[in-house]
Amino acid sequence: MKKGDHLFLVDGSAYIFRAYHALPPLTRKSDGLPVGAVSGFCNMLWKLVEESRDTNVGAVPTHFAVIFDYSSTTFRNELYSEYKANREEPPEDLRPQFGLIRDAVRAFDLPCIEKEGYEADDLIATYATQAVAAGGDVTIVSSDKDLMQLVGPRVILYDQMKDKRLGPDEVKEKFGVYPEKMIDLQALVGDTSDNVPGIPGIGPKTAAQLLEEYGTLEELLERATEIKQNKRRENLIEFAAQARLSKKLVTLDCETPLDTELDDLYIHEPDGEKLVAFLKAMEFTTLTRRVAATLDTDASEVESAKLEIEDAPRGPDLDAAKNPASPGDSVFPATPQRLAAKLKDDAAGQAIDRSAYVTIRDIDTLNRWLDRARDRGVMAFDTETSELSAYKGHLVGVSMAITPGEAAYVPLGHVAADADLLTDPDSAEALGGQIPMDEALVALKDVLEDKSILKIGQNVKYDLLVMLQHGIAMTPIDDTMLISYALDASSGLAGHGMDELSERFLGHKPISYKELCGSGRSAKPIAAVEIDRVTEYASEDADVTLRIWQVLKPRLAAEGLAHVYERLERPLAPVLARMEQRGIMVDRQILSRLSGNFAQKQAALEDEIAKMAGEEFNPGSPKQLGEILFGKLGLPGGKKTKSGQWSTDARVLEDLAAEGHELPRRVVDWRQLTKLKGTYTDTLPHHMDENGRIHTSFSMASTTTGRLSSSEPNLQNIPVRTEEGRAIRTAFVAPKGKKLLSADYSQIELRILAHIADIPQLKDAFQNGVDIHAMTASEMFNVPVEGMEPSVRRRAKAINFGIIYGISAFGLANQLAIPREEAGQYIKRYFERFPGIRDYMDKTKAFAKKHGYVETLFGRRAHYPDITAKNPQIRSFNERAAINAPIQGTAADIIRRAMVRMEGALADANLSAMMLLQVHDELVFEVEEDEIDETIEVVTNIMEAAASPRVILSVPLEVEAKAALNWEEAH
DNA sequence: CGCTCCTAACC
DNA sequence: AGGTTAGGAGCGA
């Protein structure tokens, strides 16, 4: 080797893994031999050979070698036994390909270098050092950061897949230090994948900054006491030895004894026939053709090479979930519980490697992946959209995972980061290409609607809605969020978001949306984030979803919750997606008129309030209001809030008003108007689409009891109580020719209580259509129902509701504004008249304490682990919640069942009514005027029969339904 | 800018 | 008193 020569060193081992992960492992030869990695490897190598023949591109190699790791143990293991200890065995379908890849290199007529006890990196370091000493230049084909330390004026690193060349300046840009200091930087940072310890709490940024300041690792460690940050200083001192060890581990050996001399790497023209023979044997038709053309070889004249395979190939491995415990495993005999436990352990043990994820930029690759999904019959699927709202968001890309770790992202709607395509034409180029949206959707539709392929999502309603906007109706589906919710709905910290599930069940923290896109002012749309980063984020989401599914799905059957999931959760997702997509029509003019009206009254009240207070202040500030009322004006203050402030809630102000104080009365009125205006009349128009419709988002997994919730906007708390509030409901309308139909269950929770607690008087009353609160009052206070005072009935009503809420004397006293002793008396009498109620409460509490959860009539569980808390406040709270949950939850289950059946029933009756909203015990539909009567009939029947046949209630369910031009009149 | 507190709308 | 979501004030980084 001499001056002007150029050595190419290919990091073969890294190449293999990248090739393996870049291609769907399904790639097999006709005899079933897996050859995906070989194929990828040959393609990359050929591309490199072709490129280096092209004098226009850059360096032309005079010397060339492909270098492999020989074995996993090296001299580094003697220094540190844990080195690379957590490396996983290579996948089984990759193992037989290692030998073939070395054959491939020989077929290319390139030196194939490896040496026992040394890593490929050490050999690369040695050759590179020698080449530079001889005056040559070096290109190392790899993207491994461990090789950065070799970069110098004459040595560059070439990342072929990203087509990037790294010299000293690029290393500095990427890591903040020049290559000379890379070793020190790595020693500080460590490397989790290789088990190089480094120093805790120091990442690449901090390390670069410290090296900038102190020069070298040694200097830094010696002067560690000067560091200001407490934790950082302590760690540098405590883990100094660890950093020195790390340095030895990451330092490459430039003096590896070589079996092949540098000069023997001299390049020569590949032997066309030999290479073509090999490629033909591997059945790489496209590559064979290309190589034959370039090397001027007639492929038809060449016979396939004979190959020796060192390790037997095997068929496609099965999902852990499909291939449960077998004899010999510790989980045998395979109870569902043991299976679930094993799956969890397995999942937690599998590392997640984001660098293995693939970006799919052409239709052929996409089709290969989709074929993989067809082969497996299962895929995890996720969509990325321009906004967080599924209805408004535009598709930016989709990701999928076929098996754990085998995941890819398909960018579809990305834009150049800094978006000025005119002045910066390269930025469009830098995107690297995307499959045209329509073309990709056609391919995706076939799989997403294929009944034989299960699509697993996390919060799949979101993806259903996004795809629905593109005319794709995904089916069948599974949803990890809903599975988790069915298994673990609880009031505590446990949420069902993907990041939480991943940390809980996989022990892995995925990239958060915030990390990807930033937040607040610096947030950028996901479509403008670099595709490589989105690939990691989105593929990881699909990958993690698939892994979570493998852990959680078997638990459903194991824990007896399959019915809840399959009948109450999963089938509701598409129903809700369609409801959200339809939206409800709102009359903008009505809202705007109301806003104006409210504003006038509000202003008038503000004037009065200021006059009465003697000064201007913000009545919207409880703090300021408290100071005025209880400080300046010296009114008697009642309640205090948690933080010790005077309470100024409506109750307190109304009590003051009742004593003749005008100011609090005005503030109550002002507050109401402000609320109606700020939350409804001013805000709802912002949520309207171009057709005047509002699309809420229903959350299926945010309550403990099984109720839905609604947000953005919340359409489950549209005012109804006061006249002014009800006016807002008149703005919810039906389009011309249609009406809104509202159907609501009458007293459903009390009916369920009557059934569950088995209270004869309550059951009779419901069976005979008697006024339930009047009946209760009559029993409690020994007065006839006829001619009963309204206040007596009101008290009984409050008690009935209190019972459902897990009554306490404190709460009832508050509600009725009576002394606690009196409330206690009421409760006592109630229990005497309806002893079954007390039984129910005691039994429910005992059950919850024993099991940690309670159940609805349909088997849905709500968990209350804190019900055994020492703190009586916390314990009592959990007891009340546990008493309420079966009642509220059963009602929620019943309306869910009605909703799941509703669309089919309407279709069977040839009715075009569309279900739009659910408000806990009410369903709202949009109905053609000439179909109203029939629709009421169907809707009422479905709702009233919704508990059957699973649960036969001993009280009838009654539904009131009415249609009108707007929601206020229909209700 | 993001969090907590307070209040209030619904069933 | 059970289950929610939302908006404004106020506070601290």
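Above this note sits the structure.
Residues numbered from 1 in each chain as written. Chains lettered and ligands numbered in written order. Predicted model: local features only at pLDDT ≥ 70, side-chain atom pairs only at ≥ 80, totals over all residues. Heavy atoms only, no water.

Asker: Could you clarify how one ought to interpret helix α27 (residues 650–658) in this entry?
Answerer: One turn of an α-helix holds 3.6 residues; hence residues three or four places apart share an orientation. Along α27, the positions that sit buried rather than exposed are Val652, Leu653, Leu656 and Ala657. The buried residues of α27 occupy one face: seen down the axis, they fall within an arc of 140°. Considering only its buried residues, α27 is in contact with α26 (622–632) and α28 (662–681). Just beyond α27, the residue with positive phi is Gly660, at close to 100°. (Buried < 20%, exposed > 50% of the residue type's maximum accessible area, 1.4 Å probe, protein only. Helix = DSSP H or I, 4+ residues; strand = E, 2+ residues; numbered from the N terminus. Arc of directions from axis to C-beta. Contact = heavy atoms within 4.5 Å.)

Asker: What should I look at first to understand the side chain of Thr545 in this one?
Answerer: Take Thr545: it is sitting in helix α22 (residues 531–558). The exposure class assigned to Thr545 is buried, which follows from its relative accessible area of 3%. Not counting the four nearest positions on each side in its chain, Thr545 is found in contact with Ala380, Ile456, Gly457, Gln458, Thr480 and Met498.

Asker: Even after reading the chapter, I still don't get the sheet that holds strand β21 (residues 914–918), so can you show me in this structure?
Answerer: Strand pairing in a sheet relies on backbone hydrogen bonds, with the paired strands running either antiparallel or parallel. Within the open sheet, the four strands sit side by side as β21-β22-β18-β23. Their pairing is antiparallel. Of all the strands in the sheet, the pair left with one neighbour each is β21 and β23 (959–964). Strand after strand, the sheet turns through a mean of 25° between neighbouring axes, direction not considered. Note: β21 against strand β22 (residues 922–928), four bridges, orientation antiparallel. Across the sheet, the residue bridging to Met915 is Phe925, located in β22. Contacts from helix α38 (residues 932–944) reach β18 (738–745), β22 and β23, with the element oriented near 25° to β18. (Pairing = 2+ DSSP bridges. Axes fitted to C-alpha atoms, helices over the stretch in contact; angles between N-to-C directions.)

Asker: Hey, could you run me through the protein's contact with DNA strand C in this one?
Answerer: Near DNA strand C there are 33 residues, and of these Asn618, Ser621, Thr704, Glu712 and Phe877 occur at the shortest range. Sugar and phosphate atoms represent 68% of those atoms of DNA strand C found within 4 Å of the protein. Within the backbone of Glu712, one N or O atom sits 2.8 Å away from a phosphate oxygen of DNA strand C. With respect to DNA strand C, the backbone of Ala798 contributes an N or O atom lying 3.2 Å from a base nitrogen. Where the surface near DNA strand C is concerned, the elements lending two or more residues are α26, α28, β16 (709–711), α33 (790–804), α34 (809–816) and α37 (872–908). When the residues that make up the surface near DNA strand C are grouped by side-chain class, the tally is seven nonpolar, 21 polar and five charged. (Near = heavy atom within 4 Å. Polar contact = N/O pair within 3.5 Å; in protein donor to acceptor, adjacent residues only side chain to side chain. Nonpolar A, V, L, I, M, F, W, Y, C, P; charged D, E, K, R; others polar.)

Asker: I would appreciate a short explanation of the protein's contact with DNA strand B in the present structure.
Answerer: Within the structure, DNA strand B sits among 25 residues, and Thr641, Ser643, Arg707, Val720 and Arg721 are positioned closest to it. At a separation of 3.0 Å, a base nitrogen of DNA strand B approaches a polar side-chain atom of Asn717. Asp921 is positioned such that a nitrogen or oxygen atom in its side chain is 2.8 Å from a sugar or linking oxygen of DNA strand B. The element contributing the most residues to the surface near DNA strand B is α28, with four residues. Among the residues making up the surface near DNA strand B, the classes are represented as seven nonpolar, 10 polar and eight charged.

Asker: What is the right way to read the environment of Asp541 from this model?
Answerer: Structurally, Asp541 can be placed in helix α22. Each C-alpha atom of the pair Asp541 and Ala380 lies 8.9 Å from the other, and the pair is 161 residues apart in sequence.

Asker: How do you make sense of the packing of aromatic side chains when you look at a structure like this?
Answerer: Both the distance between ring centres and the angle between the ring planes are used here to describe each pair of aromatic rings. Throughout the structure, instances matching the rule amount to 10 aromatic pairs. Judged by centre distance (4.8 Å) and plane angle (45°), the rings of Tyr830 and Phe834 are tilted. Stacked on the ring of Phe781, the Lys or Arg Arg795 has its end atom at 5.0 Å from the ring centre. (Phe/Tyr/Trp six-rings, centres within 6.5 Å; stacked < 30°, edge-to-face > 60°. Lys NZ or Arg CZ within 6 Å of the ring centre and 35° of its normal.)

Asker: Would you mind showing me how to read a negative patch on the surface here?
Answerer: Together, Glu928, Glu929, Asp930, Asp933 and Glu934 make up a negatively charged patch on the protein surface. Considering the arrangement of structural elements, one finds Glu928 in strand β22. For Glu928, a relative accessible area of 30% translates into the label partly exposed. (Patch = residues over 30% accessible without salt bridge, like charges linked within 9 Å, V, L, I, M, F, W, Y side chains within 5 Å. Areas by Shrake-Rupley, 256 points an atom, 1.4 Å probe, with all protein chains shown as cover. Salt bridge = Lys/Arg side-chain N within 4 Å of Asp/Glu carboxyl O. Lys, Arg positive; Asp, Glu negative; His and termini not counted. Charge placed at Lys NZ, Arg CZ, Asp CG, Glu CD.)

Asker: Honestly, the pattern of salt bridges in this entry has me stumped. Any pointers?
Answerer: When the charged atoms of two side chains with opposite charge come close together, those side chains can pair. Across all of its chains, the model carries 48 salt bridges by this definition. Notably, a salt bridge pairs Arg578 with Glu903, separated by 2.7 Å at the nearest N-O pair. Of the two residues, Arg578 sits in helix α24 (residues 572–582) while Glu903 sits in helix α37, which places them 325 residues apart along the sequence. A relative accessible area of 19% places Glu903 in the buried class. Residues Glu958 and Arg751 are paired through a salt bridge, measuring 3.7 Å at the closest nitrogen-oxygen approach. Taken as a pair, Glu958 in the loop between α38 and β23 and Arg751 in helix α30 (residues 748–756) lie far apart in primary sequence, 207 residues in all. If you follow the salt bridges from partner to partner, you end up with Glu569, Arg860, Asp893 and Arg896 in one network.

Asker: What is the right way to read the packing of α33 against helix α35 (residues 820–833) from this model?
Answerer: For any two helices packed against each other, the geometry is given by the interaxial angle and the distance between the axes. In the contact formed by α33 and α35, the axes pass within 11 Å of each other and the chain directions differ by 75°. As judged from the angle between their axes, α33 and α35 are roughly perpendicular. Contacts between α33 and α35 involve Arg795, Ile799, Asn800 and Ile803 from the first element and Tyr826, Tyr830 and Phe831 from the second. Its residues placed into classes, the contact of α33 with α35 shows five nonpolar, one polar and one charged. (Parallel < 35°, antiparallel > 145°, perpendicular 65-115°, else oblique.)

Asker: Honestly, the nonpolar core in this entry has me stumped. Any pointers?
Answerer: Inside soluble globular proteins, nonpolar side chains tend to come together where they are buried. Formed by 184 residues in total, the largest nonpolar core has its most connected members in Leu366, Ile728, Phe732, Tyr745, Ile837 and Ile894. Leave out the neighbours within four places in its chain, and Phe732 touches Ile584, Met585, Val586, Leu684, Leu715, Ile718, Leu740, Leu965, Asn966 and Trp967. Formed by 49 residues, the second largest nonpolar core is a distinct cluster that contains Ala120, Val155, Ala224 and Leu236. (Core = buried A, V, L, I, M, F, W, Y, C linked by side-chain atoms within 4.5 Å.)

Asker: Even after reading the chapter, I still don't get the sheet that holds strand β14 (residues 693–694), so can you show me in this structure?
Answerer: Read across the open sheet, the three strands follow the order β14-β13-β17; overall the sheet is antiparallel. The sheet terminates laterally at β14 and β17 (732–733), the two strands that pair on one side only. Note: strand β13 (residues 584–586) against β17, two bridges, orientation antiparallel. Among the inter-strand pairings, Val586 is bridged to a residue of β17, identified as Phe732.

Asker: Can you help me understand the pairing of strand β4 (residues 137–141) in this one?
Answerer: In summary, the side chains of a regular strand alternate between the two faces of the sheet. For β4, a buried count of four out of five residues is recorded, marking the element as mostly surrounded by other parts of the structure. As paired elements, β4 and strand β5 (residues 155–159) share four bridges and run parallel to each other. When the sheet's bridge partners are listed, Thr139 is paired in β5 with Ile156.

Asker: Would you mind showing me how to read unusual backbone geometry here?
Answerer: Glycine aside, a negative phi is what most residues show, and trans is what most peptide bonds show. The step from Thr475 to Pro476 runs through a cis peptide bond, and the omega angle for that step is -10°. One can find Pro476 in the loop between α18 (460–468) and β12 (477–479). Residue Pro713 follows Glu712 across a cis peptide bond; omega there is -5°. Checked against the element boundaries, Pro713 lands in the loop between β16 and α29 (723–729). With a phi angle near 60°, Asp758 is a residue other than glycine that sits in the positive phi range. Locating Asp758 in the fold gives a position in the loop between α30 and α31 (760–767). For Asn782, which is not glycine, the phi dihedral falls at a positive 55°. Along the chain, the position of Asn782 falls in the loop between α32 (772–781) and α33.

Asker: When you look at the side chain of Glu406 in this model, what are you seeing that I'm missing?
Answerer: In this structure, Glu406 sits in strand β10 (residues 406–411). One polar contact links Glu406 to Arg372, side chain to side chain, over a distance of 2.8 Å. At a separation of 2.7 Å, a polar atom in the side chain of Glu406 contacts the side chain of Thr403.

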